[in-house]
Amino acid sequence: MEGIKQPVLPDNKHKSDEASNFNIKWLVSTVLAIWPWLLGSIIISLIIGNLILRYATPIYKSSGELLIIDSKKGSSTSGDDIAQMLKMDNKINIDNEIEILRSRATIAKVVKDLHLNIEYSVSGRFKTTHLYNNRPFTFITADSFDDYYGCKVNITGADFYRILEPNGKVFTGKFGDTVNVSIGKVVLEKTSFFTSEKLQYSIDINPIIDVAGDYMYRIDISPPAKSASYITISLLDAIPERSVDFINKLMSIYMDANIENRNRISNSTLEFINKRIDVVSKELSGVENGIVSFKQRNNIADMTVQSGELVKRSSETVEKLVEEEEELDEIAAISNYLEKADEKDDKPIILPASLLDNAGLSDMLNKFNTLHLEIQNNLISNTRANPITKTLIDQKNEIKQNIINSLYSSKQALQFKVDKIKAELGLINKQITDVPSVERVYLDSSRMQTIKQDMYIFLLQKREETAIQKAATVADADIIDPAVTLGQVKPDRSRILMLSLLIGAVVPFGIIVLRRGLNIKIISKGDISRLTTIPIIGEIGNNIDGENVAIKKNSRTIISEQFRALRTNLQYLLTDKNDKVLMITSSMSGEGKSFIAVNLSITLAMSGKKVILMELDLRKPKISKTLGMDNTNGFSNYAIGKTEYHEIIIPSGIDPNLFILPSGPVPPNPAELILLPRTEELFHHLREQFDYIIVDTSPVGLVTDAQLINRYADTTLYIIRQGHTFKQQMNIPNELYHSGKISRLSFIVNDVLANRGFAYGYGYEEGYGHGYGYGYGYGYGYGYGYGYGSYGSGYYGESKKKGILRRLFNFRSKNS
């Protein structure tokens, strides 16, 4: 009897090219394996891509350019230029102008003017076509309506139509006539594209504010560069004419609003001047009428020069007094106007800075006007609670208070000067006490007439200058390029076709990789090398012919050459002349132990060696059935002493050097039979008589028979079946290998398909199906609870019948 041999732990020689499955070799082999599916996937993907291009709604891009002009550049700095006084004193802010352009109020006005809240469409067989300028009629709501509404319009003739509402109501009308529908009165008017073809059109009315929000989301307004003073307005739309009209209308409304904004100062100044002219005109008329009445009463035709020098001094003093009183009067009027103005009134507060000769005070008034207009512009898109608006309001209030203080100081100073001049004039008047009372009264009236007349002329001049400025006002913007359609941007034909091609090529690989990632079975050498250091001694390909005996004399098939290569590799395992016993086992049934044992035995026998094949799978013998031999007398009979060993050795009938030792009847206690002393005697006689002893045993992952036979084996061939053996089952040979419980363990990979890639069609050997009904453990302190009870068919009970689905999908392979 041979003693138990300790295993030799060879180096792992399979971690070079197999370390990564995703290499060029894998890619090429996978492509070759799945090229029909790959080609079909690409064709289907390209067909889908073309269908998308055929039925997708094209999106076009339209764009226009608007120049923002800085009104301060190049303007006059003369103090007498009223146009300069009335202009805004701040530089144009491009970001602020963009916000004004894209504000909800501005865009809502565009939507309202172009009636973009009313959509026209006609449904085709596969897609809905939206109409704009080419619509056959215009749907007009006679009453004010700004809510959701939808209906269908059927043209029933050259002059008549029918409106169908979702609630089932039907209204019939004539083009051009008013019809009462659910939302009120509507009128349908023909366009130049009208046709009497009986089609059904869809009308959808949406609230203007909602449509404006949609355009705010889709429109793009931005300067091409930070230093640029012009902006580009772009819009994506399914109807290019609509986007062009929208951009052009938006630029037009912005320029009109800009002019209106710039005219606010002129309008306010004109209003103030006109009020002052009315007051001064009435006062001047009263003074002149008084002089005429005075002359008529006193029969005065011409005043003699009674006191030339006195009158001259008086006139000079009066002239100075008039100048100071005029300025004092204007300051008082402005101060009164500013103090009474309410900040929250809708009426703008515009201060006539051009009416004052005080440069510092005029500058503050101009800044006040500028801040006021900037606040009004910000309130278009922001609220008063906005931090920027609040800051501007605070600045305005501060300047307002400074103006009030300055006006008060100026008023005090002027009042002091006026009082001083009046005092001087009083001294002069005392000196002319000798002048007749009539002449004195006349001089007073003349002085008042001069004051009012000068003030009236001044106001008339300012009104004309302001009117001229208003008439010459142009927008601080100019259209560089009106909107044009740049072309279709969506769908991108080349991009979609390229994406379709890529998806068509990637999907099969994705499915393969996904299956590989989810797969729990051994697929490639890489799976084995990552899970174990046990060497692979041979690979046996798929048995395409399906015959149990795949090796024939002078055969040149691939599988024959693989068994010959295995025979050669065995020389490196059986280096001693006394190494004769090869035990073949696996983790579970259906991995091809019997197939490998039969064909390896034939291969060794064909080399001239005397070989015996022992059928020691006592629980479910298969070799004798495969070779068509009588199994009534075999090992089980010999073990219990009912026959001798030479009586159970049968010629194979395949090769004269090959003999078979059947298992005999299935015993109730296989493990106990193996432990009997006659088993050791049997192996002793066989070693003396044969060159090779091939032992087909039960799966080591299910029962302990193989471990009991291992004491007689010189090497163990562990079968792994591609696409059948579970990755988790690699723990079994690993534990046996490293613990030395099975000697000289090597792997044989069975049922290898070179052209599988990852697309395995795993099958199950007849009789080794999934109906196995027991669990297992090793019984030597290292139990594996993998739940492989479903794979123990026939070892402890009858196999369950396969279900109909399993019979339909049972792609069988004969390598088991």
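Residues numbered from 1 in each chain as written. Predicted model: local features only at pLDDT ≥ 70, side-chain atom pairs only at ≥ 80, totals over all residues. Heavy atoms only, no water.

**Overview of unusual backbone geometry**
Of note, the bond from Lys490 into Pro491 is cis; its omega dihedral lies within 30 degrees of zero at -10°. Checked against the element boundaries, Pro491 lands in the loop between strand 13 (477-490) and helix 11 (493-518). The residue His115 is not glycine, and still its phi comes out positive at about 55°. Note on placement: His115 falls in the loop between helix 4 (104-114) and strand 2 (118-123). Judged by relative accessible area, His115 falls into the exposed class, the value being 53%. Look at Asp751: it is not a glycine, yet its phi comes out positive at around 60°. (Helix = DSSP H or I, 4+ residues; strand = E, 2+ residues; numbered from the N terminus. Buried < 20%, exposed > 50% of the residue type's maximum accessible area, 1.4 Å probe, protein only.)

**With respect to the pairing of strand 5 (residues 149-155)**
Within strand 5, five of the seven residues are buried, leaving the element largely enclosed by the surrounding structure. Across six bridges, strand 5 lies against strand 10 (residues 200-205) in antiparallel orientation. Counterpart to Tyr149 in the pairing with strand 10 is Ile205. As judged from the four bridges shared by strand 5 and strand 6 (residues 160-164), these two strands associate in the antiparallel manner. Following the sheet pairing, Lys152 is matched in strand 6 by Leu164. Between strand 5 and strand 6, which pair antiparallel one after the other, the connecting turn spans four residues. (Pairing = 2+ DSSP bridges.)

**A few points about the environment of Ile457**
Residue position: Ile457 is located in helix 10 (residues 437-471). For the pair Ile457 and Ile277, spaced 180 residues apart in sequence, the C-alpha separation works out to 9.1 Å.

**Some details on the sheet that holds strand 5**
If you walk across this open sheet you meet the six strands as 3-2-10-5-6-7, and the pairing is antiparallel. Two strands in the sheet have a free side with no partner beyond their single neighbour: strand 3 (128-131) and strand 7 (170-174). Here the average twist between neighbouring strands, direction ignored, is 30°. (Axes fitted to C-alpha atoms, helices over the stretch in contact; angles between N-to-C directions.)

**Some words on the confidence of the model for the protein**
For the protein, mean pLDDT is 77; residues scoring 70 or higher make up 79% of the total. Predicted confidence in the protein is weakest over helix 21 (residues 804-808), with a mean pLDDT of 37, and strongest over strand 19 (residues 692-696), with 94. Across residues 1-21, confidence stays below pLDDT 50; counting only partners more than four residues off in sequence or on other chains, it has 41 contacts. Confidence drops under a pLDDT of 50 for residues 755-816, and excluding neighbours within four residues, the segment shows 152 contacts in the predicted structure. (pLDDT = per-residue confidence, 0-100. Contact = heavy atoms within 4.5 Å.)

**Some thoughts on the nonpolar core**
Met614, Leu661, Phe683, Leu686 and Ile693 are the most contacted members of the largest nonpolar core, which has 40 residues in total. Beyond its immediate chain neighbours, meaning those up to four positions away, Phe683 contacts Val581, Met614, Leu616, Ile693, Val695, Ile709 and Tyr712. Phe595, Val598, Ala605 and Val611 belong to the second largest nonpolar core, which has 33 residues in total. (Core = buried A, V, L, I, M, F, W, Y, C linked by side-chain atoms within 4.5 Å.)

**So, the packing of aromatic side chains**
Summed over the entire model, instances satisfying the criterion amount to ten aromatic pairs. Ring centres 6.0 Å apart and planes at 75° place the aromatic pair Tyr120 and Phe137 in the edge-to-face group. Of this pair, Tyr120 sits in strand 2 while Phe137 sits in strand 4 (residues 137-141), and the two are 17 residues apart along the sequence. Residue class for Tyr120 comes out buried when judged on its relative accessible area of 5%. The class for Phe137 is buried, based on a relative accessible area of 0%. Ring geometry for Tyr215 and Phe246: centres 4.5 Å apart, planes at 10°, overall stacked. Here Tyr215, found in helix 5 (residues 208-218), pairs with Phe246, found in helix 6 (residues 240-298); they are 31 residues apart in sequence, far enough to count as distant. Phe246 gets classed as buried once you look at its relative accessible area, which sits at 0%. (Phe/Tyr/Trp six-rings, centres within 6.5 Å; stacked < 30°, edge-to-face > 60°.)

**Some thoughts on the packing of helix 4 against helix 5**
One way to put it is that helix 4 packs onto helix 5 with a least axis distance of 8 Å and a crossing angle of 115°. As the angle between them shows, helix 4 and helix 5 are arranged roughly perpendicular. Note on packing geometry: the crossing formed by helix 4 with helix 5 is right-handed. Residues Arg104, Ile107, Ala108, Val111 and Lys112 of helix 4 lie in contact with helix 5, whose contacting residues are Ile208, Ile209, Val211, Ala212, Gly213, Tyr215 and Met216. Residues that form the contact of helix 4 with helix 5 fall into these classes: nine nonpolar, one polar and two charged. (Parallel < 35°, antiparallel > 145°, perpendicular 65-115°, else oblique. Left-handed = near helix turned anticlockwise from the far one by under 90°. Nonpolar A, V, L, I, M, F, W, Y, C, P; charged D, E, K, R; others polar.)

**Looking at the pairing of strand 11 (residues 219-222)**
Residues Ile219 and Ile221 of strand 11 are buried on one face, while the alternating residues Asp220 and Ser222, pointing to the opposite face, are not. In this structure, strand 11 lies alongside strand 12 (residues 230-237), joined through four bridges in antiparallel fashion. Considered in strand 12, the bridge of Ile219 is made with Leu235.

**Section: a negative patch on the surface**
On the surface, Glu316, Glu319, Glu323 and Asp454 cluster together into a patch of negative charge. Here the element with the most residues in the negative patch is helix 7 (residues 308-340); it accounts for three residues. Along the chain, Asp454 falls in helix 10. (Patch = residues over 30% accessible without salt bridge, like charges linked within 9 Å, V, L, I, M, F, W, Y side chains within 5 Å. Areas by Shrake-Rupley, 256 points an atom, 1.4 Å probe, with all protein chains shown as cover. Salt bridge = Lys/Arg side-chain N within 4 Å of Asp/Glu carboxyl O. Lys, Arg positive; Asp, Glu negative; His and termini not counted. Charge placed at Lys NZ, Arg CZ, Asp CG, Glu CD.)

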